[in-house]
Amino acid sequence: MTINFLHFYFIFTSNNDVQDLLVFGKSIDTWLVYVLILFGLSSFAFVSVWFIGLFAEKQSGKSFKQPWE
């Protein structure tokens, strides 16, 4: 019964509907900013790992190989 109630509660709820709701003492707008910062940092880390690998591959002097070679 509780799961069904929560299911319908979250289906009909949007950001605008829960603007006064506090999650761990912070508003939903604050959490959205935190999520954007987290996504930005994780995407920067992902791209930097690829560029560091590319740089290391170029410095090794070996030619690039395709995975099927």
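Residues numbered from 1 in each chain as written. Predicted model: local features only at pLDDT ≥ 70, side-chain atom pairs only at ≥ 80, totals over all residues. Heavy atoms only, no water.

### Side note on the confidence of the model for the protein chain
In this model, the protein chain carries a mean pLDDT of 77, and residues with pLDDT of at least 70 account for 67%. Taken element by element, the predicted model of the protein chain shows its lowest mean pLDDT in helix α1 (residues 2-11) (62) and its highest in helix α2 (residues 28-60) (90). (pLDDT = per-residue confidence, 0-100. Helix = DSSP H or I, 4+ residues; strand = E, 2+ residues; numbered from the N terminus.)

### Some remarks on the packing of aromatic side chains
Taken as a whole and assessed by the stated rule, the structure comprises two aromatic pairs. Both rings, one in Phe46 and one in Trp50, keep their centres 6.2 Å apart while their planes meet at 65 degrees; by these two values the pair is edge-to-face. With a gap of four residues between them, Phe46 and Trp50 both fall in helix α2, about one helical turn apart. A relative accessible area of 59% places Trp50 in the exposed class. (Phe/Tyr/Trp six-rings, centres within 6.5 Å; stacked < 30°, edge-to-face > 60°. Buried < 20%, exposed > 50% of the residue type's maximum accessible area, 1.4 Å probe, protein only.)

### Some words on a nonpolar patch on the surface
Side chains of Phe46, Val47, Trp50, Phe51 and Leu54 sit close together on the surface and give an oily, nonpolar patch of about 570 Å² of accessible area. Looking at the secondary structure, you find Val47 in helix α2. We classify Val47 as partly exposed; its relative accessible area is 40%. (Patch = residues over 30% accessible without salt bridge, like charges linked within 9 Å, V, L, I, M, F, W, Y side chains within 5 Å. Areas by Shrake-Rupley, 256 points an atom, 1.4 Å probe, with all protein chains shown as cover. Salt bridge = Lys/Arg side-chain N within 4 Å of Asp/Glu carboxyl O.)

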